[in-house]
Amino acid sequence: MSTGRSGKGADLLRLQREANEQLVLAGLRAHEVADDAVAAQRRAEGETGELRVREEELRATAEFRERLIGIIGHDLRSPVSAIVMAGSMLTRDGTLNEGSAQLARRIVSSGDRVLRILSQLVEFTRARLGGGFELKLTPTDLGAVCREIAEELRISTAAEIRETHEGDLRGFWDFDRLTEVISNIAGNAVSHAAPGTPILIHVYDDGDTVGAEITNQGKCIPPDLLPVIFEPFRGSNATERVGHLGLGLYIADQIALSHGGSIAVRSAGGVTTFTLRLPRSARPSPST
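Model, not experiment: these values are computed from the prediction. (Residues numbered from 1 in each chain as written. Predicted model: local features only at pLDDT ≥ 70, side-chain atom pairs only at ≥ 80, totals over all residues. Heavy atoms only, no water.)

Asks: Now, about the pairing of strand β5 (residues 209–217): what can you tell me, with residues and values included?
Replies: Every regular strand shows the same layout, with side chains that alternate between the two sheet faces. A large share of β5 lies buried, amounting to seven of its nine residues. Hairpin connection, strand β4 (residues 199–206) to β5: the antiparallel pair is bridged by two residues, and Gly207 has positive phi, about 75 degrees. Strand direction decides the pairing type here: β5 and strand β7 (residues 271–279), joined by nine bridges, are antiparallel. Each bridged residue has a counterpart across the sheet, and for Ile214 the counterpart in β7 is Phe274. (Buried < 20%, exposed > 50% of the residue type's maximum accessible area, 1.4 Å probe, protein only. Helix = DSSP H or I, 4+ residues; strand = E, 2+ residues; numbered from the N terminus. Pairing = 2+ DSSP bridges.)

This is the structure:
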């Protein structure tokens, strides 16, 4: 009897020791897992910190680059304007022979193209870094804006420009900025219109908003370009006039947004239409 009891006691002690050993090993493994988790967390925090620093560096680099573009664009406009003015004076002087006069006209034409590019760079930088465009709001007639641009295009191009005005076209907007919007879109339409087809400018009253549709016939905008048509520096120049950087539609869109308005485009069946819509009293978009 005593021998049986002592054997059972020995078995219980052995089982207890094994259980204790398993508990100790489990505790050690738990500590190892915890240590590994802490180490992984620290590595993740370190990598996150490095990514955050890298992101800040990239943002600072991009901002510096855009500021530099703006400064260069602004500072170059004065000397280029002087070159254009001098060339214009030479063409009107009447003392140049035909060969020299042709060179002077080429200087004026090239200088005007450079000025357009510089102006777009400055506007692009202002929109990207300044959060939109500063507006000088005054009572403005969108019909008058479109009429002015149409007259300019009739003088500078051979295209037929047809205008229709409908209803009350007045609002509280920035006249000069809207002139830039209509000029960019209408000039673009002229460039891509099929020969012999008219450019249609329809301005209309739509209650609390005023709209302007600019339509041309010709090759449609590729479907893959439509979703990014208003993004800057697009890879395709399918919708931009010669001498531009792919910024014209971006700037027009940003000006519309600054007014609380929008620009939309549809292009199908050989017809492309850009539609500008503006609230009668400019309400800047939260994104600007």
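Following the structure, the description resumes.
Asks: Please provide a residue-by-residue account of the packing of aromatic side chains, values included.
Replies: Aromatic ring pairs are reported here in terms of the distance separating the ring centres and the angle at which the planes meet. Applying the stated criterion across every chain, the model contains one aromatic pair. Consider the rings of Phe230 and Phe274, whose centres lie 6.2 Å apart with planes at 80 degrees: the pair is edge-to-face. Pair noted here: Phe230 is in the loop between β5 and α5 (248–258) and Phe274 is in strand β7, with a separation of 44 residues, a long-range link. For the pair Phe230 and Phe274, one class covers both residues: buried. (Phe/Tyr/Trp six-rings, centres within 6.5 Å; stacked < 30°, edge-to-face > 60°.)

Asks: Give me the packing of helix α4 (residues 175–192) against α5: which residues, what numbers.
Replies: Relative orientation of the contacting elements α4 and α5 amounts to 145 degrees, with a least axis distance of 9 Å. Here α4 and α5 pass one another in a crossing that is left-handed. Between α4 and α5, the contacting residues are Arg177, Glu180, Val181, Asn184, Ile185 and Asn188 on the first element and Gly248, Leu249, Ile251, Ala252 and Ile255 on the second. Class assignment for the residues of the contact of α4 with α5 results in six nonpolar, three polar and two charged. (Axes fitted to C-alpha atoms, helices over the stretch in contact; angles between N-to-C directions. Left-handed = near helix turned anticlockwise from the far one by under 90°. Contact = heavy atoms within 4.5 Å. Nonpolar A, V, L, I, M, F, W, Y, C, P; charged D, E, K, R; others polar.)

Asks: Explain the nonpolar core to me, using residue names and the numbers behind them.
Replies: Among the nonpolar cores identified, the biggest contains 39 residues, and Leu142, Ile182, Ile185, Val203, Ile214, Ile263 and Leu276 are the most heavily contacted of them. Listing elements by their share of this core, those giving two or more residues are α3 (142–156), α4, β4, β5, α5 and β7. The residues touching Ile263, leaving out its near neighbours within four places in the chain, are Val181, Ile185, Phe230, Ala252, Asp253, Ala256, Phe274, Thr275 and Leu276. Counting residues in each nonpolar core, the second largest holds five residues, with Val80, Val84, Val108 and Leu118 among its members. (Core = buried A, V, L, I, M, F, W, Y, C linked by side-chain atoms within 4.5 Å.)

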